[in-house]
Amino acid sequence: MSGKMDNIKSINWREKTSLFFSRMFFVLWSLIDAIIPNKSNLLIFSGGNGKFAGNSAFLFEYALKQSQYDSYFLVHTRVLYSELNSRFPGRIINSYTFTGFWTFLRSRVIFLTHGKGDVRPWPLNPSQKLIVNLWHGTHLKQVSVPMKEYSALIVSSPF
């Protein structure tokens with residue numbers, strides 16, 4: 001019995017430690033994000049599930065044709081980076097690189113397809129960035145996504 005209790009205490013300690021460090025990272029990130037000036041015309045797009053598809057892909061392609069915007073598509077794998085960089089040279093960034101880190105920090109507007117996981121590993125703070133969720137929006141009532149996590153939401157129906 002005591003082995004089981006020790007294991008429970010150990011899990012709680014690990015969870016508490018993990019939570020502490022994740023909160024500290026978010027506070028530090030928020031400070032850095034507040035200090036680094038944003039470029040108002042710098043747009044970041046990211047697709048859900050590590051894909052180039054859906055609303056963010058279409059809007060990214062449209063934004064590339066608009067000369068007033070500096071648009072980039074954020075990816076999480078080298079394979080997708082290679083595939084897309086040949087199609088959109090210089091406009092694809094890997095989120096796990098310094099370029100991904102720096103471009104993300106400098107951006108003012110982030111377009112997501114499914115949620116915050118689209119821009120991993122970087123945390124999103126709606127007080128620092130305009131976060132636009134391009135997911136269709138009609139299902140958000142069903143899954144109870146807090147609206148405070150986003151600055152704007154695209155909704156495809158009156159429902």
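In what follows, the structure referred to is the one given above.
Report on the accompanying structure. (Residues numbered from 1 in each chain as written. Predicted model: local features only at pLDDT ≥ 70, side-chain atom pairs only at ≥ 80, totals over all residues. Heavy atoms only, no water.)

### Some details on the overall build of the protein chain
Here's step 1: The helix and strand tally for the protein chain stands at 5 helices and 6 strands.
Here's step 2: Helices (α) and strands (β) of the protein chain occur, in sequence order from the N terminus, as α-β-α-β-α-β-α-β-β-α-β.
Here's step 3: Taking all 159 residues of the protein chain together, 37% fall into the buried category.
Here's step 4: Within the protein chain, counting contacts between residues at least 6 apart in sequence, those at least 24 apart form 49% of the total.
Here's step 5: Total accessible area computed for the protein chain in this model is approximately 9800 Å², and 61% of it derives from carbon and sulfur atoms. (Helix = DSSP H or I, 4+ residues; strand = E, 2+ residues; numbered from the N terminus. Buried < 20%, exposed > 50% of the residue type's maximum accessible area, 1.4 Å probe, protein only. Contact = heavy atoms within 4.5 Å. Areas by Shrake-Rupley, 256 points an atom, 1.4 Å probe, with all protein chains shown as cover.)

### Section: the packing of aromatic side chains
Here's step 1: According to the stated counting rule, one finds 11 aromatic pairs in the structure shown.
Here's step 2: Relative to Phe 88, the ring of Phe 60 lies with its centre 5.3 Å away and its plane at 80 degrees, an arrangement referred to as edge-to-face. Note that Phe 60 is positioned in helix α2 (residues 54-64) and Phe 88 in the loop between α3 (78-87) and β3 (92-94), a separation of 28 residues in sequence. Considered together, Phe 60 and Phe 88 belong to a single accessibility category, that of buried residues.
Here's step 3: Taken together, Phe 45, Phe 52, Phe 60, Phe 73, Phe 88 and Phe 111 form an aromatic cluster joined through their ring pairs. (Phe/Tyr/Trp six-rings, centres within 6.5 Å; stacked < 30°, edge-to-face > 60°.)

### Re the pairing of strand β4 (residues 107-112)
Here's step 1: Within β4, 5 of the 6 residues are buried, which leaves the element mostly enclosed by the surrounding structure.
Here's step 2: Taken together, the 5 bridges between strand β1 (residues 39-46) and β4 define a ladder with parallel strand orientation. Its bridge partner being in β4, Phe 45 is matched across the sheet by Phe 111.
Here's step 3: Looking at chain direction, β4 and strand β5 (residues 130-133) are connected through 4 bridges and run parallel. Pairing of Phe 111 across the sheet is with Val 132, part of β5. (Pairing = 2+ DSSP bridges.)

### Side note on the pairing of strand β2 (residues 70-75)
Here's step 1: Counting buried positions over the 6 residues of β2 gives 6, a clear majority of the element.
Here's step 2: Taking every second residue as pointing to the same face, both faces of β2 are buried, with Asp 70, Tyr 72 and Leu 74 on one and Ser 71, Phe 73 and Val 75 on the other.
Here's step 3: Sheet topology note: the β2/β3 ladder contains 3 bridges and is parallel. Looking at β3, one finds that Leu 74 is bridged to Ile 93.
Here's step 4: Taking the sense of rotation as the criterion, the β-α-β connection linking β2, α3 and β3 turns out right-handed. (Right-handed = clockwise from strand over helix to strand, strands pointing away.)

### Description of the pattern of salt bridges
Here's step 1: Tallied over the entire structure, the rule returns 4 salt bridges.
Here's step 2: Linking Glu 61 and Arg 87 is a salt bridge whose minimum nitrogen-to-oxygen distance equals 3.5 Å. On the criterion of sequence distance, the pair formed by Glu 61 in helix α2 and Arg 87 in helix α3 is long-range, its members being 26 residues apart.
Here's step 3: Residue class for Arg 87 comes out partly exposed when judged on its relative accessible area of 48%.
Here's step 4: Within this structure, Lys 39, Asp 70 and Arg 91 form a network of salt bridges that share partners. (Salt bridge = Lys/Arg side-chain N within 4 Å of Asp/Glu carboxyl O.)

The analysis is restricted to geometry; functional conclusions fall outside its scope.
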